[in-house]
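# A structural walkthrough
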Amino acid sequence: MAEETTILESSEMILNMGPQHPSTHGVLRVKLKLDGEKVLDAECIIGYLHRGMEKIGENRTYPKYAPYLDRMDYVAAVTNNLAFLEAVEKLLGLECPPRAKYARTMLAEFQRIASHLLWLATHALDIGAMTIFLYCFREREEILKLFEEIFGARLTCNAFRVGGLTEDLPAGWLEQAKAFTDIFPSRVDDYEGILTENRIWLQRTKEVGVISAANAIDIGLTGPALRASGVKWDIRKAMPYESYADMDFEVPVGTRGDTYDRYLVRMQEMRQANRIIRQCVEGLPGGDFKAKTPRVIKPPLGEVYHSIEGPKGEIGYYIVSDGSTIPYRVRVRPPSFMNLQALAQLARGHYVADVVALIGTLDIVLGEIDR
Amino acid sequence: MAEAGIALIKIAVVLGFVLNLAALLTWAERKQSAVIQDRIGANRASVFGLRLFGLFHIAADALKMLTKEDHVPQTAEKFIHGAAPFISFFFALMGFAVIPFGDVLRVGGREIPLRILDLNIGILFIFAAIALEIYGSVLAGWSSGSHYATLGGMRGSVQMFSYEIAWGVSLLGIFMVYDSLDLNRVVLRQGDLLWGVLPKWGIVTQPLGFLLFLAAGMAITKRVPFDLPEGESEIIGYFVEYSGMKFGLFFLTDFVLTILISALLATLFFGGYQLPYLEPDGFRFPWGATWSLDHYTVVFLQFVALVLKIVFFCWLLLAVRWTYPRFRYDQLMDLGWKVLFPLAVANVILTGLVLTLIE
């Protein structure tokens, strides 16, 4: 073969994407090696938001540690909290009253919708569709208002207490929640009307960032990112917690494992979450909203791992108790951290514009990755 | 001397019209997007408590741009970095020189053609101006000394290559039908009637040409879905290292180009300043009715007709922006070379066939 000759000298370009970049969803830094616009290699550099969450856990009592966890995945504070409290309850051998379980299920599903809405908003914005961003925020605002009425906070809401809820649902709240579930499916129709059949959207998402089922399991993906690859794994079904065993809902699964499938799966999940909320609102039992708990939470010696299905995937806590009021060790299994691992692999061979689409489709929150 | 005076007045009127409309578009874009996105939009700027639907934001924006620090990065090529926005802006404005705003105005025995430049190759002049305009963004991208800006500039030049040819070829049909490159002649011939009823506008004779020209034209304005040189969520764009009024000029250039494309769409495909059935001496309807008007009224009506058409297309181009996602680099080139260009060539062949058959 003759030696390749080029008239113009070409060389690889290193492009530093982030930590200050509009589409890295926080302070992610991606070092891209580019040939023109083609990505030859990508390297994720994380840690810009490290606050030592796990270490803080070794210095706070169990109830006092819970508010810190709101700041991990700050767009899904309720599920973050829930996973930790359930782990503590497991350690204590505590069972919540049914009313608390239903309320928790309902609020966790509200959080799932809110988190997915934020994902859709930013994902579409990254790909250039600006209008959908504001539509999503309109509905998310309604959910945050509902949160505010119960928790007194919108984002980092420190939702629950060990053994149940902080206080009972406010009067009239259920009607508002019901009104939301009435209107929400038609809003999802609106979003899908803008995107699902849009040719540019299809071109930008189909066949982009394909993850095979086996590969997804190897990387450790969970949540919608895993299900879009065709693996039907949902902790809500596999190991039901709270009142999910009573709920009638489906687990949407994709087939191709590309960005478009991940989009479809999350859209379906929003509809299913709406269904679950509806069932919770209608079937909410009476009775106590909190179990009888000791004044001082002092779990016995032992260790526990407990995980739930968060909006982004499996959020789990490993807690080691030395029998005192303070955990000996807390270890978090954040879904975003595992999901981000796929990025470098997926980005190779794609274009710069795809990188932002891929960051969007993996649905990461840096607060959770860096902790 | 009088000639020069008239020319200067014409330039002042056209520039005033274009720049004011561009400024209005910055407001329209904000308000229109607000309506589309179910929110209120800009309404904070007020003078003595008077808000005027946020119209003062135009002045507030300009004031902000002018008073901001003009930051030039250390790695930049200072001279080119400074010149780039002016290149863009200047050549974008230059295109308006040949747009006919009316036929002739007769004042005191003098016939004044209502366009700055009477050029028998008018459309080529516009092509040249727009081709030079892209140098502004390419040079801005190159001279900024930033990788993001470089990528933006590269994308700009690629986009220009991919679309300018399809853009030009899509117009060939028009010139075959109207037999002229002179924009005023094209407009005059669009005043004819087909079968005595239908105005012989470009949209009627060249429907495919219109769609191609619209698509390629959107690519040339560098707006969504073709806003790759900007790509604000990916590479932020060729103007990432600009601030103050230099950035403002790039920003305005986008709107000026939008107006230019709208003006071209109106002129070439929607009869320009022609109103259906309006002759130089008044309306003459196909069913026999007439309504005679004096010369000044006719010229005024024609001018208003053109302005309304331009505003309509500006609205259309703005609305598209808030509806679609963005193409990717390779998809953009695919669309330009593999779809628009072959279709444009097919359009030329088809037009030729039909014209031969009619003869």
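Now for a look at the structure at hand.

Conventions and cut-offs
- Numbering of residues begins from 1 in every chain and follows the order in which that chain's sequence is written.
- To label them, take the chains in the order written and letter them from A, then take the ligands in the order written and number them from 1.
- Only residues with pLDDT of at least 70 are given local features in this predicted model, and only at 80 or more are side-chain atom pairs given and counted; all residues enter the totals for whole chains, interfaces and linings.
- To obtain the side-chain values, all non-hydrogen atoms of the structure were used and water was disregarded.
- Two strands make a pair as long as DSSP finds a minimum of two bridges between them.
- A run of DSSP states H or I qualifies as a helix once it reaches four residues; a run of E qualifies as a strand once it reaches two. Both are numbered from the N-terminal end.
- Contacts are residue-level and defined by heavy atoms, with any inter-residue pair within 4.5 Å sufficient.
- Computed with a 1.4 Å rolling probe, the buried area is the accessible surface lost when two parts are put together, summed over both parts.
- In what follows, salt bridge is the name for a side-chain nitrogen of Lys or Arg lying within 4 Å of a carboxyl oxygen of Asp or Glu.
- Side-chain classes follow a simple rule in which Ala, Val, Leu, Ile, Met, Phe, Trp, Tyr, Cys and Pro form the nonpolar group, Asp, Glu, Lys and Arg form the charged group, and the remainder, Gly included, forms the polar group.
- Orientation is described by axes fitted as lines to C-alpha atoms, over the contacting stretch for helices, and by angles from 0 to 180 degrees between their N-to-C directions.
- To count toward a patch, a residue needs a relative accessible area over 30% and no salt bridge; like charges are then connected within 9 Å, while nonpolar side chains (Val, Leu, Ile, Met, Phe, Trp, Tyr) are connected within 5 Å.
- In short, Shrake-Rupley with a 1.4 Å probe defines the accessible areas, and a residue's cover is counted only from the protein chains shown.
- Here the term buried applies to any residue with accessible area under 20% of the maximum for its type, exposed to any over 50%, and partly exposed to those in between, with areas from a 1.4 Å probe on protein chains only.
- A pair of aromatic rings is counted whenever rings of Phe, Tyr or Trp (Trp by its six-membered ring) have centres within 6.5 Å, and the orientation is called stacked for planes under 30 degrees apart, edge-to-face for over 60 and tilted otherwise.
- Lysine and arginine charges are scored as sitting over a ring when NZ or CZ, respectively, is within 6 Å of the ring centre and within 35 degrees of the ring normal.
- As used here, the term nonpolar core means buried Ala, Val, Leu, Ile, Met, Phe, Trp, Tyr and Cys residues forming a set that is joined through side-chain atoms within 4.5 Å.

Moving on, we come to the sheet that holds strand β7 (residues 290-292) of chain B. Residue and element names in this part refer to chain B. Strand order in the open sheet formed by three strands is β5-β6-β7, with antiparallel pairing between adjacent strands. With one partner strand each, in any of the chains shown, β5 (278-279) and β7 form the two edges of the open sheet. As paired elements, strand β6 (residues 282-284) and β7 share three bridges and run antiparallel to each other. Following the sheet pairing, Arg284 is matched in β7 by Thr290.

A few words on the interface of chain B and chain A. Counting residues at the interface gives 26 residues for chain B, matched by 34 residues for chain A. Of the roughly 2,600 Å² buried between chain B and chain A, counting both surfaces, carbon and sulfur atoms make up 59%. Along the contact surface separating chain B from chain A lie three salt bridges. Taken together, the elements giving at least two residues each to the side of chain B that touches chain A come down to α5 (147-178) and α11 (329-358) of chain B. Per element, the largest residue contribution to the side of chain B that touches chain A is five residues, and it comes from α5 of chain B. Its residues assigned to classes, the side of chain B that touches chain A shows 13 nonpolar, five polar and eight charged.

Now for the sheet that holds strand β7 (residues 314-321) of chain A. Sheets are built from strands paired through backbone hydrogen bonds, the pairs being either parallel or antiparallel. Residue and element names in this part refer to chain A. Spatially, the three strands line up as an open sheet ordered β6-β7-β8, and their pairing is antiparallel. With one partner strand each, in any of the chains shown, β6 (302-309) and β8 (327-333) form the two edges of the open sheet. Averaged over all neighbouring strand pairs, the angle between strand axes comes to 15 degrees, with direction disregarded. Examined bridge by bridge, β7 and β8 share six bridges and lie antiparallel to one another. Each bridged residue has a counterpart across the sheet, and for Gly316 the counterpart in β8 is Arg333. Each of β6 and β7 is contacted by helix α3 (residues 77-92), which is oriented at about 145 degrees to β6, the strand it contacts most.

What follows covers a nonpolar patch on the surface. All names here are of chain B. Taken together, the side chains of Val345, Ile349, Leu350, Leu353, Val354 and Ile358 present a nonpolar region at the surface, about 570 Å² in accessible area. Secondary-structure assignment places Ile358 in helix α11. Under the relative-accessibility criterion, Ile358 is labelled exposed at 66%.

With that settled, the discussion passes to the packing of aromatic side chains. Scanning all chains against the criterion turns up 39 aromatic pairs over all chains. Seen from their ring centres, Phe110 of chain A and Trp173 of chain A are 6.0 Å apart, and the 80 degrees between their planes marks the pair as edge-to-face. Here the residue Phe110 of chain A occupies a position in helix α4 (residues 98-127), and Trp173 of chain A occupies one in helix α6 (residues 173-195), the gap between them amounting to 63 residues. This pair shows no difference in class: Phe110 of chain A is buried, exactly as Trp173 of chain A is. Taking the centre distance of 5.1 Å and the plane angle of 80 degrees together, the rings of Tyr242 of chain B and Phe250 of chain B count as edge-to-face. Each member of the pair, Tyr242 of chain B together with Phe250 of chain B, is buried. Among the aromatic residues, those joined into a ring-pair cluster are Phe127, Trp167, Trp201, Phe210, Phe213, Phe269, Phe270, Phe312, Phe313 and Trp315 of chain B. Taking NZ or CZ as reference, Arg138 of chain A lies 4.8 Å from the ring centre of Tyr135 of chain A, over its face. Lying over the aromatic face of Phe137 of chain A, Arg140 of chain A brings its terminal NZ or CZ to 5.5 Å of the ring centre.

The subject of this paragraph is the nonpolar core. Ranked by size, the top nonpolar core spans 80 residues in total, and within it Phe84, Phe110, Leu120 and Tyr317 of chain A carry the most contacts. Ranked by residue count, the leading element in this core is α4 of chain A, at 15 residues. When residues no more than four places from it in sequence are discounted, the contact partners of Leu120 of chain A are Ile132, Cys136, Tyr191, Leu195, Tyr263, Met267 and Met270 of chain A. Ile130, Ile174, Phe270 and Ile310 of chain B belong to the second-largest nonpolar core, a separate cluster that totals 79 residues.

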